[in-house]
Amino acid sequence: MPFVRSEYDAVVVGSGPNGLSAAITIARTGRSVVVLEAENEIGGGTRSAELTLPGFVHDVCSTAHPMGVASPFFRGLPLAEHGLEWIHPAAPVAHPLDDGTAAIGERSVGLTSVSLGEDEDSYRDFMAPLVAAWPKLESVLNGPLALARHPIAGARFAWMAMQPAEKLAANHFRGPRARAFFAGLAAHSVLPLNRVPSGAFALVLGISVHAAGWPFARGGSQAIAGALASYLRSLGGEIVTRMRVESLKQIPVAPMILCDVTPRQLLQIAGADLPPQYRRALENFRYGPGVCKIDWALDAPIPWKNQACRRAGTLHLGGTLEEIALAERAAWHGECPEKPFVLLTQPTLFDPSRAPAGKHIAWAYGRVPNGSDFDMTGRIESQVERFAPGFRDCILARHTVVASHMSEHNANLVGGDITGGAQELGQLINRPNWRRYRTPLKNLYICSASTPPGGGVHGMCGHLAALAALADEKSASRKSSR
């Protein structure tokens, strides 16, 4: 076996951001820890590779990281000393419309408001208090839902967050630009926009535009995993790649085992040892729609009709709120939308190191039913062309992955679900069930995006699961010493 020790204080299965964060949390206490990764490269959802042509460095999964730069856990780590540099686009996000206008999400609430036309005052009055209150809210929203330490700010946020995005947008904005901009933010929830808590996702991501930004990692998302791994090794932690864990019997002896996997993989690894009731809970865990993802190597920047879109790192393409809502509902009802909501990033406008001189890359996905093998390339490219005529003429090469194949490079992307499971209200609160990070086995924990606070590159699921494991170990030690 490729281990330095025969026994460890902790074993972590999976080297995604949550697995590495769990390992770091434990290693910082002086305990021995090893991370086991099935693939050749570490990183899970934060890997980069030359997917199209030599010299074009694409992100295999995630690419823009609002939750990464805002993560309380990441902020407390010396990741810059280990090679991570955040690159902030001139504007975090843009949402173009057919009339040639665009809502531009700037770091400034005021500047964003200016791009929203008739809703300039409404957006500023709506968003500015939320941004100001964010320091009071982030501890509540970066873990299992709990009572806020600042009840007034918490109550105001909760009242709005528990409304569907469609209702929030209709109640607060009159014009198509602001409503479309809000719908694009809400679509990150991977929920129909007439369902709770789609409004909460729009609020949190809207706040993050102004409070934190939506940066890229210089050189690609692999730099995030690389920095976390480098710091872990500096603490004495070990990482073993090409070690696919299919049974608890493969794992070295350890009083703490943390699995950065979804319920489906946990059943495969530990199902025989889990009691029937908990097995049924994992079997009933619901996965959301998948994505069809495309990476492009480009001969030139994307030729947006609205030139201000070149200032944005991330683009939301889908037209009006009504169009986006229709597309997001379709994927939930087993249909591949004709006009999908497309989330697109253009990193090389801000990090030219990721492509040959004068060339560019772009990344995009559109929503499809879970497990779909439908290739959305034509529909996604049509949506880009709609707002950037001549886009197809810029394409040198493309790399497409359909939803049914997403799990081939990351087993956690079940059926193409990139959020670790459907983020419906009940499943978001009790994720994957009421035990959250703990399982009925006293030394076994789950620390993936299938636990609170859910999807995103922030490391909080791993960090909080590790804190739970450490607390249990301390409690057990106290009891044994009595």
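Residues numbered from 1 in each chain as written. Predicted model: local features only at pLDDT ≥ 70, side-chain atom pairs only at ≥ 80, totals over all residues. Heavy atoms only, no water.

A. Region of interest: the overall build of the protein. From N to C terminus, the protein includes 16 helices and 16 strands. In terms of overall size, the protein behaves like a compact globule, its C-alpha atoms giving a radius of gyration of 22 Å where 482 residues would be expected to give roughly 23 Å. Over its C-alpha atoms, taken along the principal directions, the protein stretches across nearly 70 × 55 × 45 Å. Looking at the protein as a whole, 60% of its 482 residues qualify as buried. (Helix = DSSP H or I, 4+ residues; strand = E, 2+ residues; numbered from the N terminus. Rg over C-alpha atoms; globule rule 2.2 N^0.38 Å. Buried < 20%, exposed > 50% of the residue type's maximum accessible area, 1.4 Å probe, protein only.)

B. Main features of the layout of surface pockets. Its boundaries defined by the atoms lining it, the second largest pocket holds a volume of some 240 Å³. Along the walls of the second largest pocket sit P255, M256, K442, N443, Y445, A469, D472, E473, S475 and A476, which together make up its complete lining. No other element matches the five residues that helix 16 (residues 460–481) contributes to the lining of the second largest pocket. (1 Å grid on protein atoms, 1.4 Å probe; cavity = no way out; pocket = protein on both sides within 12 Å on 5 of 7 lines; lining within 4 Å. Points joined across faces, edges and corners; volume = space filled by probe spheres on them.)

C. Geometry of the side chain of T377. One can find T377 in helix 14 (residues 377–387). Within polar-contact distance, the side chain of T377 engages the side chain of D375 at 2.5 Å. Setting aside residues up to four positions removed in sequence, T377 forms contacts with I294, R398 and T400. (Polar contact = N/O pair within 3.5 Å; in protein donor to acceptor, adjacent residues only side chain to side chain. Contact = heavy atoms within 4.5 Å.)

D. Molecular detail of the pattern of salt bridges. In the structure shown here, the tally under the stated rule is 20 salt bridges. Note that R244 is salt-bridged to E39, the shortest N-O span being 3.2 Å. With R244 in the loop between strand 9 (238–240) and strand 10 (256–259) and E39 in the loop between strand 2 (33–36) and strand 3 (48–49), the pair connects residues that are 205 residues apart, well separated along the chain. Measuring nitrogen to oxygen at the nearest pair gives 3.0 Å for the salt bridge that ties R386 to E323. With a gap of 63 residues between them, R386 in helix 14 and E323 in helix 13 (residues 321–332) connect regions that are remote in the sequence. Taking relative accessible area as the criterion, R386 reaches 17% and is therefore assigned buried. By relative accessible area, E323 is classed as partly exposed at 22%. A network of salt bridges, in which partner residues are shared, links E85, R218 and D351. (Salt bridge = Lys/Arg side-chain N within 4 Å of Asp/Glu carboxyl O.)

E. Fine view of the sheet that holds strand 15 (residues 395–401). Pairing is mixed in the open sheet, where seven strands are placed in the order 7-6-12-13-14-11-15. A single partner strand is all that each edge strand has here, and the edge strands are strand 7 (102–105) and strand 15. Each adjacent strand pair in this sheet contributes to an overall mean axis angle of 20°, direction not counted. Sheet topology note: the strand 13 (residues 342–345)/strand 14 (residues 360–368) ladder contains four bridges and is antiparallel. Pairing of L343 across the sheet is with Y365, part of strand 14. (Pairing = 2+ DSSP bridges. Axes fitted to C-alpha atoms, helices over the stretch in contact; angles between N-to-C directions.)

F. Focus on the packing of helix 1 (residues 17–27) against helix 10 (residues 222–234). Two numbers describe how helix 1 lies on helix 10: the axes approach to 10 Å, and their chain directions differ by 20°. Between helix 1 and helix 10, the angle falls in the class roughly parallel. Handedness of the helix 1/helix 10 crossing: left-handed. Of the residues in helix 10, those touching helix 1 at P17, L20, A23, I24 and A27 are A225, L228, A229, Y231 and L232. Classifying every residue of the contact of helix 1 with helix 10 gives ten nonpolar, no polar and no charged. (Parallel < 35°, antiparallel > 145°, perpendicular 65-115°, else oblique. Left-handed = near helix turned anticlockwise from the far one by under 90°. Nonpolar A, V, L, I, M, F, W, Y, C, P; charged D, E, K, R; others polar.)

G. Structural context of the pairing of strand 6 (residues 91–96). Of all the six residues making up strand 6, six are buried; the element is thus mostly covered by neighbouring parts of the structure. Taken together, the three bridges between strand 6 and strand 12 (residues 312–317) define a ladder with parallel strand orientation. The residue bridging A91 from the neighbouring strand is A312, located in strand 12. Bridge analysis of strand 6 against strand 7 gives four bridges, and the strand direction is antiparallel. Its bridge partner lying in strand 7, V93 is registered against G105. Connecting strand 6 to the antiparallel partner strand 7 that follows it, the hairpin turn spans five residues, and G100 within it adopts a positive phi of roughly 90°.

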